[in-house]
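Coordinate inspection notes
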Amino acid sequence: MMWNRRNIVLGGLALLGSGAVRKPALAAASSYFDGTAVDNGVTYRSTNFSKIDKRWHRQVVKYFSSEPIGTVVVDTRHHFLYVIMENKTAIRYGVGVGREGFKWFGRATIDAKSLWPRWTPPPEMRKRHPELPEFVDGGSPKNPLGPRAMYLHRDGVDTGYRFHGTLEPWSIGKDASSGCIRMFNEDAVDLYQRCPIGTAVQVLPHIADQADSTAQLGQAAPVE
């Protein structure tokens, strides 16, 4: 089991930092959003899923795994997150993962969860990017964690990694983060609802060959 803790951070730089992802032009970035939605009293921009390649849409797929039902498995190589279900199926989400130097693999558990979490850049990140604020309040349009965060622990110790939303939907399907697993905001909300405290997590370099993405059991799940 390998945990590459170099420059561990609480979340991706997203739009607050420089160089985390090559930002498209403003007009192109805006095309990834479509209107707004309200969640727990917070208004946020909805993802324009018509702009997103269907491979990254949330959907049910055939899946073969020895892991127990309810386990979350992340395939970092192919940029998928799976929630294992019954009858050799799984819910599959497209995700963004750690870029070079920030990749990690291993087992963990979701030991804490937060709605509209506050983001505090760790000291290592602020040394690299002194322009960053000390913190960003939950619900702020500049908060890179989005509407939900699920905190990954190992042996009772916070790993520094999270599942969370994103301000950059174009980064899903890419190596883009500082180690955390990014999701479309709508998918982060969906995963949050499915994963109670104590959910087992396994992060592997690649396992997508075990999942038959062509044998879908249903249409892509509706966007909330």
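As the structure is a computational prediction, the values presented were derived from the model and not from experiment.

Let us now look at the overall build of the protein. The secondary structure content of the protein amounts to three helices and 13 strands. Out of the 224 residues belonging to the protein, those deemed buried represent 54%. Total accessible area on the protein is roughly 10,200 Å²; 51% of this is exposed by carbon and sulfur atoms.

Here the UniProt feature "active site" (unreviewed entry) sits at His 164 and Cys 180. In sequence the annotated residues extend across 17 residues, while in space they remain close, none of their C-alpha pairs exceeding 7.6 Å. Assignment of secondary structure puts His 164 in strand E9 (residues 157-164). Note on placement: Cys 180 falls in the loop between strand E10 (175-177) and strand E11 (181-183).

The subject of this paragraph is the nonpolar core. Grouped together as the largest cluster of nonpolar side chains are 23 residues, with contacts concentrated most on Val 72, Leu 81, Phe 163, Leu 191 and Val 201. It is strand E6 (residues 89-98) that contributes the most residues to this core, four residues altogether. Setting aside its immediate chain neighbours within four residues, Val 201 contacts Val 72, Gly 106, Arg 107, Ala 108, Ile 110, Leu 152 and Phe 163. Among the nonpolar cores identified, the runner-up in size contains 16 residues, and Val 73, Tyr 82, Ala 90 and Phe 184 belong to it.

Per-residue confidence for the protein averages 81 on the pLDDT scale, and 76% of its residues sit at or above 70. Put simply, strand E13 (residues 211-216) is where the protein has its lowest mean pLDDT, 47, and helix H3 (residues 185-194) is where it has its highest, 98. Here residues 1-22 scores under 50 on pLDDT; set against residues more than four positions off or in separate chains, the count is 96 contacts.

Right, let's get into the side chain of Asp 190. With respect to the element layout, Asp 190 can be found in helix H3. For Asp 190, a relative accessible area of 5% translates into the label buried.

Taking burial as the measure, the ten residues of H3 include eight buried ones, the bulk of the element. When we look at burial in H3, the residues that qualify are Asn 185, Glu 186, Asp 187, Ala 188, Val 189, Asp 190, Leu 191 and Tyr 192.

Bringing the side chain of Asn 48 into the picture now. Take Asn 48: it is sitting in the loop between strand E2 (42-47) and strand E3 (59-63). Take Asn 48: its relative accessible area is 15%, and that puts it in the buried class. Within the local environment of Asn 48, its side chain forms a polar contact with the backbone oxygen of Ser 31, the two atoms lying 2.9 Å apart. A polar atom in the side chain of Asn 48 sits 2.5 Å from the side chain of Ser 50. Those residues within four positions of Asn 48 in sequence are excluded, and the remaining contacts are Ser 31, Tyr 32, Phe 33 and Asp 34.

Take unusual backbone geometry next. With glycine set apart, most residues show a phi of negative sign, and most peptide bonds adopt trans. The phi dihedral of Asn 87 falls on the positive side, at around 60°, and the residue is not glycine. Its location among the elements puts Asn 87 in the loop between strand E5 (80-85) and E6. Positioned with a positive phi, Asp 155 is a non-glycine residue whose angle comes to about 55°. Following the sequence through the fold, Asp 155 ends up in the loop between strand E8 (148-154) and E9. Assessed through its relative accessible area of 73%, Asp 155 is described here as exposed.

Rules used throughout
- Residues numbered from 1 in each chain as written.
- Predicted model: local features only at pLDDT ≥ 70, side-chain atom pairs only at ≥ 80, totals over all residues.
- Heavy atoms only, no water.
- Helix = DSSP H or I, 4+ residues; strand = E, 2+ residues; numbered from the N terminus.
- Buried < 20%, exposed > 50% of the residue type's maximum accessible area, 1.4 Å probe, protein only.
- Areas by Shrake-Rupley, 256 points an atom, 1.4 Å probe, with all protein chains shown as cover.
- UniProt positions renumbered as here; feature names shortened; annotations may be inferred.
- Core = buried A, V, L, I, M, F, W, Y, C linked by side-chain atoms within 4.5 Å.
- Contact = heavy atoms within 4.5 Å.
- pLDDT = per-residue confidence, 0-100.
- Polar contact = N/O pair within 3.5 Å; in protein donor to acceptor, adjacent residues only side chain to side chain.

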